[in-house]
Amino acid sequence: MTLYGKRILLIVPSFFMYEKAIKEGLEDIGAIVDYFDERPANDFYTKALIRINKRLIKKNIDRYYHTIFTEVSERHYDYVFVVNIEAMPVAFLQAIRGRNRNSVFILYAWDSIQNKKGLSDFLPLFDFVFSFDSEDCLSSEHKVYFRPLFFLNEFESIAQKDSFKYDLSFVGTAHSDRYSIIQQLRNQAESYGFNNYWYLFLQDKKLFLYNKLTNPSFAKAHLSDFHYKPLERNSLLGVISDSKIVIDIHHPKQTGLTMRTIETLGARRKLITTNNYVKKYDFYDERNILVIDRERPILDIDFLKTPYVPLDECIYQKYSLRGWLDEIFSIVMK
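Residues numbered from 1 in each chain as written. Predicted model: local features only at pLDDT ≥ 70, side-chain atom pairs only at ≥ 80, totals over all residues. Heavy atoms only, no water.

**What to know about the sheet that holds strand β10 (residues 270–273)**
What links the strands of a sheet is backbone hydrogen bonding, and the strands pair in either a parallel or an antiparallel sense. What counts is decided by this rule: What makes two strands pair is DSSP finding at least two bridges between them. In this description a helix means any DSSP run of H or I spanning at least four residues, a strand means any run of E spanning at least two, and both kinds are numbered starting from the N terminus. Inter-axis angles, ranging from 0 to 180 degrees, are taken between N-to-C directions of lines fitted to C-alpha atoms, where helices are fitted over the stretch in contact. Between two residues, a contact is recorded if the distance between any of their heavy atoms is within 4.5 Å.
Strand order in the open sheet formed by 5 strands is β8-β7-β9-β10-β11, and the pairing between neighbours is parallel. Looking along the sheet, the strands with just one partner apiece sit at the ends: β8 (196–201) and β11 (289–291). Strand-to-strand twist in this sheet, taken as the mean axis angle between neighbours without regard to direction, amounts to 20°. Contacting β7 (166–173), β9 (243–248) and β10, helix α10 (residues 259–267) runs over the sheet at an angle of about 160° to β9.

Here it is in structure tokens:
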């Protein structure tokens, strides 16, 4: 597939350099890409206010999107490609459509559409809507194509390894009941004498206090149980490279597979996950993936001792960034 000479307006939230990878992936297949961050800023307060109620920083958002519109309003785009809408005003997208009446508008959701307030207002403005969550395709009034997430090439580059520093590792944000589940798994792993790596992240110490007051799973939590800076990308790659098994605890309101699940596939590591929906995917193999009950998480010693079983190469290609772009644009260009 080629997008040679096609001009694309790409709007993606900044997220661990995935936005850069998507831009470069499109350019590798010939596209001319103008990229903008979907959020006006990425500090803790801006992100928090967008998620609580973006009207609280409406002036900042409107100013930011006015700047984008001023910059791109005289350009014609073949495709307008938006990944995840959090801050974007409906009026901005309507204005871009007005200036690009022959363009194809594409939305990809890497958060569940059914859990995103206000997102339904945007769906009629897109020609194609894709979601990482198969449940979105069943529940939405609009046509939604199912397309899981992808892994970056850097995860495939660490795939070949025979010995590991850690038997188990977990790196992730301490949302919902993750802390409680991780503590239970941690206690079991230590009782078995396994080498482990745990990195629970909170964006701010104020969030710890908030969770302490509102989240029952934080009842026994201590400030020192968490890290308050995200693990750097290279460090994350190092941890996954050094791990025999990666742990994934999905959000209880989400059925789609997390980015970590797909990254683990790319790295060819075994996975322990709370997401039972993984059994529906073509890469599921019980020798590589252990599904545990989040209400009663129990490690399986036999699973921990056996090696990873390689899958057919076409599976890895499908879930790569190039496979993700190929599938989306193959549907769009039919």
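**Describing unusual backbone geometry**
How we decide: Using a 1.4 Å probe on the protein chains alone, a residue whose accessible area is under 20% of its type maximum counts as buried, one over 50% counts as exposed, and one in between counts as partly exposed.
The backbone of methionine 17 sits at a positive phi, close to 70°, despite the residue not being glycine. Here methionine 17 shows up in the loop between β1 (7–12) and α1 (18–28). Overall, methionine 17 belongs to the partly exposed group, its relative accessible area being 43%. Of note, the phi angle at serine 176 is positive, near 45°, even though the residue is not glycine. Turning to its location among the elements, serine 176 is positioned in the loop between β7 and α7 (178–191).

**What to know about the packing of α1 against helix α13 (residues 321–332)**
As a reminder of what qualifies: Helix crossings fall into two classes, left-handed where the near helix is turned counterclockwise from the far one by less than a right angle and right-handed where it is turned clockwise. Residues are grouped as follows: nonpolar covers Ala, Val, Leu, Ile, Met, Phe, Trp, Tyr, Cys and Pro; charged covers Asp, Glu, Lys and Arg; every other residue, Gly included, is treated as polar.
Across the interface, α1 lies against α13 with an axial gap of 10 Å and an inter-helix angle of 65°. Considering how the two elements wind past one another, α1 and α13 form a crossing that is right-handed. Contact residues: α1 offers Ala21, Ile22, Gly25 and Leu26, while α13 offers Leu321, Trp324, Leu325 and Phe329. Of the residues assigned to the contact of α1 with α13, the class counts are 7 nonpolar, 1 polar and no charged.

**Looking at the nonpolar core**
Defined as follows: Each nonpolar core is a collection of buried residues, namely Ala, Val, Leu, Ile, Met, Phe, Trp, Tyr and Cys, held together in the definition by side-chain atoms within 4.5 Å.
Core analysis: the biggest nonpolar cluster contains 57 residues, and Leu26, Phe81, Tyr108, Phe283, Trp324 and Phe329 have the highest contact counts within it. With 7 residues, α13 is the largest single contributor of residues to this core. When sequence neighbours within four positions are dropped, the list of residues in contact with phenylalanine 283 reads Leu257, Thr261, Ile262, Leu265, Val278, Ile289, Leu311, Ile315 and Tyr319. Grouped together as the second largest cluster of nonpolar side chains are 31 residues, Ile68, Met88, Ile113 and Val144 included.

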